[in-house]
Amino acid sequence: MEGALQLPMIDLSSTDRTLLADSLRKACVENGFFYLRNHGIGEELIQRVFEGSRRFFGLSLEEKMKLLRKNHRGYSPLYSEMLNSNDNPKGDPKESIYFGAPEDISPYGNLNQWPPQEVLPCWRSTMEEYYKTILCVGKRVVSLMAVALNVDEDFFEKVGAFDPPAALLRPLRYPTGEIDSSDKHMHGAGAHTDCGMITILVTDGVPGLQVCRDKLQKPQIWEDVHHLKGAFIVNIGDMMERWTNCLFKSTLHRVTQPTQERYSVAMLFDPSPDCVVECLKSCCNESSPPRFPPVRAADYHKENYKVTYGDQ
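Here the residue numbers are simple positions, counted from 1 along each chain's written sequence. In view of the model being predicted, local features appear only for residues whose pLDDT reaches at least 70, and side-chain atom pairs are presented and counted only at 80 or more, with totals across whole chains, interfaces and linings using the full set of residues. Derived side-chain values reflect all non-hydrogen atoms in the structure, with water molecules and hydrogen atoms excluded from consideration.

The condition is simple: UniProt positions are given in the numbering used here, feature names are shortened, and annotations may be inferred rather than shown by experiment.
Going by an unreviewed UniProt entry, the chain carries the name Probable iron/ascorbate oxidoreductase DDB_G0283291 isoform X2 and comes from Nicotiana sylvestris. Per UniProt, the chain has the following entry under Sequence similarities (unreviewed entry): "Belongs to the iron/ascorbate-dependent oxidoreductase family."

Focus: the overall build of the chain
Basically, it comes down to this: Put simply, DSSP H or I for four residues or longer makes a helix, DSSP E for two residues or longer makes a strand, and each gets a number counted from the N terminus. Whether a residue is buried, partly exposed or exposed follows from its accessible area with a 1.4 Å probe, protein chains only, as a fraction of its type maximum: under 20%, in between, or over 50%, in that order. We call two residues in contact whenever any of their non-hydrogen atoms come within 4.5 Å of each other. For the area figures, the Shrake-Rupley method with a 1.4 Å probe applies, and any residue is considered shielded solely by the protein chains shown. This count recognises Lys and Arg as positive and Asp and Glu as negative, with His and chain-terminal groups excluded. By convention, the point assigned to a charge is CZ for Arg, NZ for Lys, CD for Glu and CG for Asp.
Helix and strand counts for the chain come out as seven helices and 17 strands. Dimensions of the chain along its principal axes, counting C-alpha atoms only, are 55 × 45 × 40 Å. For the chain, buried positions account for 54% of its 312 residues. By sequence separation, contacts in the chain at least 24 residues apart represent 79% of the contacts at least 6 residues apart. Here the chain has roughly 14,200 Å² of accessible surface; of this, 52% comes from carbon and sulfur atoms. Separation of charge centres in the chain, based on 35 positive and 42 negative side chains, amounts to 1 Å.

Re a nonpolar patch on the surface
Spelled out, the test is: For patch detection, residues must exceed 30% relative accessible area and be free of salt bridges, and they are connected within 9 Å for like charges or within 5 Å for nonpolar side chains (Val, Leu, Ile, Met, Phe, Trp, Tyr). Salt bridge criterion: a side-chain nitrogen from Lys or Arg within 4 Å of a carboxyl oxygen from Asp or Glu.
Together, Leu61, Met65 and Leu68 give the surface a local cluster of nonpolar side chains, amounting to about 260 Å² of exposed area. Within the secondary structure, Met65 is located in helix 3 (residues 61–65).

Some remarks on the nonpolar core
Under the convention used in this document: We call a set of buried residues a nonpolar core when its members are Ala, Val, Leu, Ile, Met, Phe, Trp, Tyr or Cys and they connect through side-chain atoms within 4.5 Å of each other.
Ranked by internal contacts, the top residues of the largest apolar core, which has 68 residues, are Phe34, Tyr130, Met145, Phe156 and Trp243. Among the elements that take part in this core, helix 4 (residues 123–148) stands out by supplying 13 residues, more than any other. In contact with Phe156, other than residues within four places in its own chain, are Val142, Ala146, Leu149, Ala161, Phe162, Met197, Met240 and Trp243. Counting 18 residues, the second-largest nonpolar core is a separate cluster that includes Leu7, Leu168, Val225 and Ala231.

Overview of the sheet that holds strand 3 (residues 33–37)
Note the following rule: DSSP bridges decide pairing: two strands pair if at least two such bridges lie between them. A fitted line through C-alpha atoms represents every axis, and for helices the fit uses only the stretch in contact; the resulting angles, taken between N-to-C directions, go from 0 to 180 degrees.
Reading across from one edge, 2-3-13-10-15-8-5-4 is the order of the eight strands in this open sheet, with mixed pairing throughout. Only two strands of the sheet have a single partner each, and these edge strands are strand 2 (9–11) and strand 4 (74–76). Across the sheet, the mean angle separating the axes of adjacent strands is 25 degrees when strand polarity is ignored. Pairing analysis gives seven bridges linking strand 8 (residues 168–174) to strand 15 (residues 262–269), with the strands arranged antiparallel. Across the sheet, Arg173 pairs through a bridge with Tyr263, a residue of strand 15. On the sheet, helix 2 (residues 43–57) packs against strand 4, strand 5 (95–98), strand 8, strand 10 (198–203), strand 13 (232–236) and strand 15 and is oriented at approximately 110 degrees with respect to strand 15.

What to know about the packing of helix 1 (residues 17–30) against helix 4
Packed helices, taken two at a time, are described by their axes: the angle between them and the distance between them. Operational definition: Throughout this description, any angle smaller than 35 degrees is read as roughly parallel, any larger than 145 degrees as roughly antiparallel, any in the 65 to 115 degree range as roughly perpendicular, and the remainder as oblique. Gly counts as polar in this scheme, as do all residues outside two lists: the nonpolar Ala, Val, Leu, Ile, Met, Phe, Trp, Tyr, Cys and Pro, and the charged Asp, Glu, Lys and Arg.
Running from amino to carboxyl end, helix 1 crosses helix 4 at an angle of 90 degrees, the nearest separation of the two axes being 8 Å. By the angle between their directions, the pair helix 1 and helix 4 is classed as roughly perpendicular. Two secondary-structure elements touch here, helix 1 through Arg17, Leu20, Ala21, Leu24, Arg25 and Cys28 and helix 4 through Val141, Ser143, Leu144, Met145, Val147 and Ala148. When its residues are assigned to classes, the contact of helix 1 with helix 4 shows nine nonpolar, one polar and two charged.

Notes on the pattern of salt bridges
When the charged atoms of two side chains lie near each other, side chains of opposite charge can form a pair. Taken as a whole, this structure holds 19 salt bridges when the rule is applied. A salt bridge links Glu81 to Arg170, with the nearest nitrogen and oxygen atoms 3.0 Å apart. One end of the pair, Glu81, is in the loop between strand 4 and strand 5; the other, Arg170, is in strand 8, with 89 residues separating them in the sequence. Of the charged contacts in the structure, one is a salt bridge between Glu128 and Arg124, with a shortest N-O distance of 3.0 Å. With a gap of four residues between them, Glu128 and Arg124 both fall in helix 4, about one helical turn apart. Salt bridges sharing partners connect three or more residues here, namely Lys64, Glu95, Arg173 and Glu261.

A short note on the pairing of strand 15
Counting buried residues along strand 15, eight of its eight residues qualify, which places the element largely inside the surrounding structure. What you see with strand 15 is no split at all: Arg262, Ser264, Ala266 and Leu268 on one side and Tyr263, Val265, Met267 and Phe269 on the other are buried throughout. When strand 10 meets strand 15, the two strands line up antiparallel, connected through six bridges. Looking across to strand 15, one finds that Thr203 is bridged to Ser264.

Dropping the structure here:
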């Protein structure tokens with residue numbers, strides 16, 4: 001069963017912080033998804049991000065495979081990710097590339113993988129600019145969530161969720177032409193929840209995103225999330241659900257197989273690897289004890305990557 005969903009709107013230009021936090025709390029409790037507008041990121045930068053993404057995914061497979069994903073950074077080709085084996089038993093018919101923070105380095109140098117400047121001029125600088133600006137937006141949203149949860153607004157900063165930033169920026173492409181005719185029934189992305197704190201998504205306007213607000217209901221009811229020009233789509237991830245003892249919903253969502261090529265860019269706000277996620281005192285009591293044990297973010301993600309990619 002399917003229908004259309006009118007997501008709540010969170011307006012960052014609001015000067016009434018208390019009212020804004022209350023609205024945010026309601027959106028996270030009831031939907032786990034909301035629109036975010038007046039976020040401060042200009043349309044011109046967003047268009048440059050999409051133009052660069054189209055050029056990158058338009059490169060030859062040979063060129064893209066030079067950046068094949070390692071250390072959770074780099075290119076993921078068609079069918080390399082399996083979010084839901086029931087929806088897509090051979091993997092999701094989409095391709096993507098992952099970037100971490102511009103300063104994201106290891107003993108071997110920067111972990112991010114980029115096409116040579118002569119192959120794709122300006123894309124690296126555009127993506128690094130977008131990463132820095134969307135990171136600031138995410139931190140604002142998370143601080144508002146802290147207020148909505150009756151803890152200090154810098155709570156998530158103090159527990160080390162952003163030290164260092166572990167968010168991953170992920171441009172995606174959902175093609176139509178390269179998909180086998182036998183795969184037409186497949187979803188662009190299988191039904192899943194995101195494993196981090198929050199995800200901030202911008203799309204090119206081509207429909208496809210659907211949410212299921214009650215993952216236990218049978219049959220599941222799927223609702224379309226419409227594109228709203230100028231607004232981001234934000235959803236709660238599993239880590240935030242754990243922190244809030246399931247008060248904030250990590251909502252099941254998927255992407256249907258698009259009828260035309262579809263592009264989106266997701267910023268996945270994962271807590272820093274050593275950050276310990278445990279139930280907030282404001283979200284539990286004697287009658288509602290913590291549902292999950294404390295977990296180190298890196299350990300939780302390691303298990304998630306095993307399921308999704310079959311790797312480390």
